[in-house]
Amino acid sequence: MANPSAEELSHSARTQWELFQIRMFYQLAAFRKEPLAELIVRRPQRAPYPLYERIRSQGELVHSTLGPVAISASHGFVAQALRAPELGVAEPPARRSGLVRPIEDSFLMRNRPDHPRLRRLVTPWFTAKALQQRRESLLKLAHQRIDELAGQPSFDVVQDYAVPLAVRVICELTGLPVGEDWRRLAALGDILPLSTTAGLPSTRNQRRLDAGWANLNAYLDTAIAQKSQAPEGSLLASLVERSQDPEQLGRHDLLATLGVLLIAGFETSVGLIGHVTARFLDQPDLRRAAVADRSVLTEVLEETLRYEPPVQFTARRVNQDCEVAGHRLQAGVELFLLLGGANRDPQVFENPNAFQLFRANSKAHLAFSAGEHYCIGAGLARLETEVGLQALFERLPELRRAGRARWQPTQNIRAYRRLPVRG
Ligand code: HEM
């Protein structure tokens, strides 16, 4: 098993005192309403949309006073920035050995030419046609899980239904083993919120994160070693075969690619399932209409993605001086692109703070980003949410809330961590 080396852990070696000072610095700046600081220290439980609105009211692009960082909650700017060839993701320094951290080491955080080369290797498993062939098996997985839950007086829709369903779906799609050991994999889902938080780093979180990555590396190494058990034609089998030639795909890229599909592929979908479920619990008429008519259900999904996107922001670095949406940008500047803010821009969405079905431009939201890094799993997320919730509410039509819901404790992933219900 790949344990993190001392060097790899060095970035977590900041003293508590240093962290305390950084935290105080941001707290004070946020008190002065500095927008970057406000985003960083905001409490994840609170809806971020009023803050985004305030930032948007200051302009399409708001420069931070804390460093070479600019923020946008404007749909026009964010959509163009995501597609601008002069911008890219901020690649971490190349690491070809040691602990693999899929969020930062995978194609999610790579630019050309590595990004398209690696992304292409997995694209065939995510086409509309490939996904439609999965509908039946997905439905079966949903019913299996509902069978296990149906007799219980109460359960947690997030941890007991959405998480195991999403883990099994992504494992089945990739050919990674899940068995009955899904809880071990599900625990890895906590990594994504920790690794993408805009909040201040803490040594405890960094340690938890690296321990999680080490677990994931061990799981993937075992799956690769037992590749003969992977279904023929599966994504796992295909990638392992390519990795026989390290020039084509080295171990580091192999683990990062499999890992990012697994990690990015379930906590986000769990977020969407949680948001739609919460709405159905609070609006039984809407729930009945959606279960009876798939076109209503797909509208609910799309509007939920706009209104409450599970991924709230992303970032880009300006690689060369350029102009985006009429704004001059200097090389080296970091952009904080608020997807959740763009989705509530009144220039694009009429009455943006209202949850409103059948908008003429219901797919203009940026919940799945845009441009080269557009979410590869968008179709899968839509399919598993639609199939999973239709099955759940058909089988358990009387579900009601059964206690306090809790949020994931991060700024970027906006998702319920717990949503208790009873039948
Ligand atoms: C509702 C569920 C989901 C949401 C809201 C979501 C959101 C996003 C966003 C916003 C990005 C782009 C980040 C950027 O531009 O910097 C992204 C990329 C990505 N997503 Fe998703 N995602 C979801 C589900 C999934 C699923 C089910 C998978 C399964 C494999 C997945 C895999 C990925 C991967 C691999 C990337 C990187 C794409 C690239 O860099 O080319 N996502 N996702």
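Keep in mind that this is a model prediction, so the values were computed, not measured. (Residues numbered from 1 in each chain as written. Predicted model: local features only at pLDDT ≥ 70, side-chain atom pairs only at ≥ 80, totals over all residues. Heavy atoms only, no water.)

Quick notes on the sheet that holds strand 9 (residues 400-401)
Within the open sheet, the 3 strands sit side by side as 4-12-9. Their pairing is antiparallel. Every interior strand has two partners, whereas the edge strands, strand 4 (154-156) and strand 9, have only one. Relative to strand 12 (residues 420-422), strand 9 runs antiparallel, the two being bridged by 2 bridges. When the sheet's bridge partners are listed, Arg-401 is paired in strand 12 with Val-421. (Pairing = 2+ DSSP bridges. Helix = DSSP H or I, 4+ residues; strand = E, 2+ residues; numbered from the N terminus.)

A word on the site of the ligand
Taken together, 28 residues are adjacent to the ligand, and Arg-119, Thr-314, Ser-369, His-373 and Cys-375 come closest. Separating an oxygen atom of the ligand from a side-chain N or O atom of Arg-119 is a distance of 2.6 Å. Measuring from an oxygen atom of the ligand, one finds a side-chain N or O atom of Arg-316 at 2.8 Å. Split into classes, the residues belonging to the shell around the ligand amount to 16 nonpolar, 8 polar and 4 charged. (Near = heavy atom within 4 Å. Polar contact = N/O pair within 3.5 Å; in protein donor to acceptor, adjacent residues only side chain to side chain. Nonpolar A, V, L, I, M, F, W, Y, C, P; charged D, E, K, R; others polar.)

Topic: the sheet that holds strand 1 (residues 62-63)
Reading across the sheet, the 5 strands line up as 1-2-8-5-3 and stay open at both edges, with mixed pairing between neighbours. Each end of this open sheet is capped by a strand with a single partner; those strands are strand 1 and strand 3 (87-88). Summarising the sheet, strand 2 (residues 69-72) and strand 8 (residues 334-338) pair through 4 bridges and their orientation is parallel. Within strand 8, the residue paired with Val-69 across the bridge is Glu-334. Docked against the sheet, helix 5 (residues 75-83) engages strand 2, strand 3, strand 5 (313-318) and strand 8, running at close to 125° with respect to strand 8. (Contact = heavy atoms within 4.5 Å. Axes fitted to C-alpha atoms, helices over the stretch in contact; angles between N-to-C directions.)

Quick word on the pairing of strand 2
Taking every second residue as pointing to the same face, both faces of strand 2 are buried, with Val-69 and Ile-71 on one and Ala-70 and Ser-72 on the other. As paired elements, strand 1 and strand 2 share 2 bridges and run antiparallel to each other. Bridging across to strand 2, Val-62 finds its partner in Ile-71. Between strand 1 and strand 2, which pair antiparallel and follow one another directly, the connecting turn spans 5 residues. (Buried < 20%, exposed > 50% of the residue type's maximum accessible area, 1.4 Å probe, protein only.)

Considering the packing of aromatic side chains
Scanning the entire structure with this criterion turns up 7 aromatic pairs. Relative to Phe-393, the ring of Phe-280 lies with its centre 5.6 Å away and its plane at 85°, an arrangement referred to as edge-to-face. You can see Phe-280 sitting in helix 16 (residues 267-282) and its partner Phe-393 sitting in helix 20 (residues 378-395), a full 113 residues away along the chain. There is no split in this pair, since Phe-280 and Phe-393 are both buried. A cation over a ring is seen here: Arg-344 above Tyr-49, with NZ or CZ 3.7 Å from the ring centre. Directly above the ring of Tyr-307 sits Arg-344, whose terminal nitrogen or CZ lies 4.0 Å from the centroid. (Phe/Tyr/Trp six-rings, centres within 6.5 Å; stacked < 30°, edge-to-face > 60°. Lys NZ or Arg CZ within 6 Å of the ring centre and 35° of its normal.)

Re the pattern of salt bridges
Any two side chains of opposite charge can pair, given that their charged atoms come close. Per the stated rule, a full pass over the model turns up 22 salt bridges. One salt bridge connects Arg-112 with Glu-372, and the closest N-O pair in it is separated by 2.5 Å. One end of the pair, Arg-112, is in the loop between helix 6 (102-105) and helix 7 (114-122); the other, Glu-372, is in the loop between helix 19 (339-342) and helix 20, with 260 residues separating them in the sequence. Across the pair Glu-303 and Arg-359 runs a salt bridge whose closest N-O atoms are separated by 3.2 Å. One end of the pair, Glu-303, is in helix 18 (residues 294-307); the other, Arg-359, is in the loop between helix 19 and helix 20, and 56 residues separate them in sequence. Neither Glu-303 nor Arg-359 differs from the other in exposure class; each is buried. Taken together, the salt bridges that share partners define one network made up of Arg-110, Asp-114, Arg-117 and Asp-253. (Salt bridge = Lys/Arg side-chain N within 4 Å of Asp/Glu carboxyl O.)

Observations regarding the packing of helix 7 against helix 15 (residues 251-264)
In the contact formed by helix 7 and helix 15, the axes pass within 11 Å of each other and the chain directions differ by 60°. In terms of orientation, helix 7 and helix 15 fall into the oblique class. In terms of crossing hand, the pair formed by helix 7 and helix 15 is right-handed. In this structure, helix 7 contributes Arg-117, Leu-118 and Val-122 to the contact, and helix 15 contributes Asp-253, Thr-257 and Leu-261. Class assignment of the residues belonging to the contact of helix 7 with helix 15 gives a composition of 3 nonpolar, 1 polar and 2 charged. (Parallel < 35°, antiparallel > 145°, perpendicular 65-115°, else oblique. Left-handed = near helix turned anticlockwise from the far one by under 90°.)

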